[in-house]
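Listed below are the residues making up each chain.
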Amino acid sequence: MNSTDVIVVGAGPTGLMLACELAQAGVRCKVLERRTAQPNITRAFAVHARTLELLDARGLADDLLERGVPVRRVQPAPGAVLDLSTLRTRYPMVLIVPQSGTEHLLEARARELGVEIVRGAEVTGLRQDGRRVLLELAGGGTESAGYVVGCDGAHSRVRGLAGIDFAGKQYETHILLADVRLAAPPEDSLFAWANREGVVLMVPFGDGWFRAIAWDRLREQVPLDVPLPLEEMRDAFLRIAGTDFGMAEQRWSSRFRSERRQARRYRAGRVFLAGDAAHVHSPLGGQGMNTGLQDAMNLGWKLAAAVRGQAPDGLLDSYERERHRVGAQVLALTDAFNRLVLGRSALRRALRALTLRLVLRLRWTREPLAGRLTGLGIRYPAPARGAHPWTGRRVPDLRCAQGRLYELLRDGRHLLVDTTRAGGVARAAGDAIGNRATIARYAGPVVAGLPGAVLIRPDGYVAWAAEDGPELPGQAVAAVVRWCGGPARTPSARPRT
Ligand SMILES: Cc1cc2nc3c(=O)[nH]c(=O)nc-3n(C[C@H](O)[C@H](O)[C@H](O)COP(=O)(O)OP(=O)(O)OC[C@H]3O[C@@H](n4cnc5c(N)ncnc54)[C@H](O)[C@@H]3O)c2cc1C
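Because the structure is a prediction, the values reported are computed rather than measured. (Residues numbered from 1 in each chain as written. Predicted model: local features only at pLDDT ≥ 70, side-chain atom pairs only at ≥ 80, totals over all residues.)

A. Looking closely at the overall build of the chain. The helix and strand inventory of the chain stands at 13 helices and 25 strands. Taking 497 residues into account, the globule formula puts the C-alpha radius of gyration at 23 Å, and the chain, at 24 Å, falls close to it. Expressed as lengths along the three principal axes of its C-alpha atoms, the size of the chain is roughly 75 × 60 × 35 Å. In the chain, which comprises 497 residues, the proportion classed as buried is 48%. (Helix = DSSP H or I, 4+ residues; strand = E, 2+ residues; numbered from the N terminus. Rg over C-alpha atoms; globule rule 2.2 N^0.38 Å. Buried ≥ 20, exposed ≤ 12 C-beta atoms within 10 Å, placed from the backbone.)

B. Structural view of the site of the ligand. Inspection of the region around the ligand gives 33 residues, with Gly 10, Gly 12, Gly 153, Gly 275 and Gly 288 positioned closest. Listed by contribution, the elements that provide at least two residues to the shell around the ligand are helix 1 (13-24), strand 2 (29-33), strand 12 (166-182) and helix 7 (288-307). Sort the elements by how many residues they give to the shell around the ligand and helix 7 lands first, with four residues. Of the residues belonging to the shell around the ligand, the class tally is 13 nonpolar, 12 polar and eight charged. (Near = placed C-beta within 6 Å. Nonpolar A, V, L, I, M, F, W, Y, C, P; charged D, E, K, R; others polar.)

C. Structural context of the sheet that holds strand 22 (residues 415-418). In spatial order, the strands read 23-22-24-25; together these four strands make up an open sheet with mixed pairing. For this open sheet the edge positions go to strand 23 (438-441) and strand 25 (462-466), each flanked by a neighbour on one side alone. Across the sheet, the mean angle from the axis of one strand to that of its neighbour is 15 degrees, orientation sign disregarded. In this sheet, strand 23 lies alongside strand 22 in parallel orientation, the contact comprising four bridges. (Pairing = 2+ DSSP bridges. Axes fitted to C-alpha atoms, helices over the stretch in contact; angles between N-to-C directions.)

D. Focus on the packing of helix 7 against helix 8 (residues 315-342). In contact at an axis separation of 9 Å, helix 7 and helix 8 are set at 175 degrees when each is read in the N-to-C sense. It follows from the interaxial angle that helix 7 and helix 8 lie roughly antiparallel. Judged by residue contacts, Thr 291, Asp 295, Asn 298, Leu 299, Lys 302, Ala 305 and Ala 306 of helix 7 engage Leu 315, Leu 316, Ser 318, Tyr 319, Glu 322, Arg 323, Val 326, Gly 327 and Val 330 from helix 8. Here the contact of helix 7 with helix 8 is built from residues that sort into eight nonpolar, four polar and four charged. (Parallel < 35°, antiparallel > 145°, perpendicular 65-115°, else oblique. Contact = placed C-beta atoms within 7 Å.)

E. A look at the environment of Leu 303. Within the element layout of this structure, Leu 303 appears in helix 7. For Leu 303, a count of 27 C-beta atoms within 10 Å corresponds to the buried category. Along the backbone, Leu 303 and Ala 25 are 278 residues apart, and their C-alpha atoms lie at a distance of 9.6 Å. The residues touching Leu 303, leaving out its near neighbours within four places in the chain, are Val 6, Leu 22 and Tyr 147.

F. Layout of the sheet that holds strand 4 (residues 69-71). Spatially, the three strands line up as an open sheet ordered 3-7-4, and their pairing is antiparallel. Of all strands in the sheet, those bounded by a partner on one side alone are strand 3 (46-47) and strand 4. Direction of pairing for strand 3 relative to strand 7 (residues 94-96): antiparallel, over a ladder of two bridges. Directly across from Ala 46, in strand 7, lies its bridge partner Ile 96.

G. Geometry of the domain arrangement of the chain. Domain assignment breaks the chain into domain 1 (2-45 + 98-165 + 264-343), domain 2 (171-258) and domain 3 (399-484). If you look at the interface, domain 1 gives eight residues, while domain 2 gives 11 residues. (Domains from an automatic or database assignment.)

H. Inspection of unusual backbone geometry at higher detail. Phi is positive for Phe 245, which is not a glycine, with a value near 55 degrees. As for its position among the elements, Phe 245 is in the loop between helix 6 (230-241) and strand 16 (247-263).

I. Inspection of helix 10 (residues 363-374) at higher detail. Taking 1.5 Å of rise per residue, 12 residues should cover 16 Å, and helix 10 covers 16 Å from first to last C-alpha, within 8% of that figure. Just downstream of helix 10, Gly 375 is the residue with a positive phi angle, here 85 degrees. (Expected span 1.5 Å × (residues − 1).)

J. Fine view of the nonpolar core. Within the largest apolar cluster, 145 residues are counted, with the highest numbers of intra-cluster contacts made by Val 6, Ala 19 and Val 149. Excluding anything up to four places from it in sequence, Val 6 contacts Leu 22, Val 27, Cys 29, Ala 145, Gly 146, Tyr 147, Val 149, Leu 303 and Val 307. (Core = buried A, V, L, I, M, F, W, Y, C linked by C-beta atoms within 7 Å.)

K. Molecular detail of the packing of helix 12 (residues 424-433) against helix 13 (residues 472-484). Two numbers describe how helix 12 lies on helix 13: the axes approach to 9 Å, and their chain directions differ by 35 degrees. The two elements helix 12 and helix 13 cross, and the hand of that crossing is right-handed. Residues Val 425, Ala 428, Ala 429, Ala 432 and Ile 433 of helix 12 touch helix 13, and the partners they reach there are Leu 472, Pro 473, Ala 476, Val 477 and Val 480. Split into classes, the residues belonging to the contact of helix 12 with helix 13 amount to 10 nonpolar, no polar and no charged. (Left-handed = near helix turned anticlockwise from the far one by under 90°.)

So, in structure tokens, the structure goes:
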């Protein structure tokens, strides 16, 4: 029987990202994928700012930017505009890039890191005991690993085999999708329009092809297996947006119904769920792949620590605690978008659109909404009472003497940033910390409220922080030992500054 540290089931974006994280951390990992070839159709196209920051933390964002079209304004409802260009991030945009482009990038990275991707391997059975998980494959083979992660999509076999319930409901309105060429493309790079008959979206892939998407009430009763001709999409656009942008040629089309469901648990013993296997929702808001990639970033370093025997108590359980909550928020957000544009009552839709226009006008309501949509507002609850208020926060791309913070995260290790004026923590605690974590000195402008030292997790959130004071070097060493493992060594006395 083949055996490894971690098996990832599914080579979609979530599984590939997770495999990269594990391999970078030195964990033996294998990806089992049912399909024999990479799909060339695309579902997701919107990559949000927080995902771009996290890809930047692995040196992948610039490659993706080259493949995509940045959009700096989005319009969730007529008259309600969200200006992304003012976001405080290196990536004030939503990047339009076909999902296949993101998958190619991640697969190339996974192969570079030595991940074994086995195609034509469909998982059909699963058993686990306290030490290992055994998988059965269609055709008779078996594989075993210390941990298994189901990244096998909305109809996850792993989820069913692990006995995890997928609670939720199905939406009524079908979604029509087609890849088309246009004689008269819209001026806006991302066109969206809604009226009482439905919603249409036109998304540029940047290579002359466009993704036309329609939620058309008139087509709700059409069975999902009926082919979708170009004429039907043109008609939906003409009735809803008043134009079909000269739709001429169609290379692919499909119709489906989306669901709103979330796994009750993200962990059953040695089996975890991530991505669509853990949560599915309306594509409005472009959240699914973004959430899956961020699940993978959250779980990767935790699983790697567990495989190395260095995970502090409760670290593996913190994956579900942190990401289930984010998944539930994403379901709520996308459901609100769905009701906003597709609700049955015209009066309620109009009231919701009015409320959204108000929300986007006022800074104190606009910023939280933008934070939820872009992922920049994600914050994890502090693991313990009395933790520093920065604990669980997303860290901005601070300028350090050694480089940008997100560049310094690229080796996938924890990063201790010393923000004291004289860099005393780094000097006093550096030897004791050794190579357990990267150490950097803050070199940006003076910022009110910046703690004396901040330990940043490999996924860009604050693990620990403390204010400046004589105890700080010792506290920093204790925090690094707790989070990164290894016996503590006493730091040398802090030099006077
Ligand atoms: C129209 C549309 C538009 C969307 N737009 C966006 C967007 O703009 N932004 C966004 O973030 N998200 C968007 N999404 C959602 C996004 O496409 C999904 O969330 C994303 O594909 C999930 O990735 P995943 O890796 O978790 O699962 P998947 O992409 O579904 O991958 C699962 C993989 O597991 C494999 N597999 C399944 N069962 C087995 C098995 N038993 N054994 C082995 N392998 C198996 C499958 O073959 C597949 O390759 C959109 C979705 C739709 C439908």
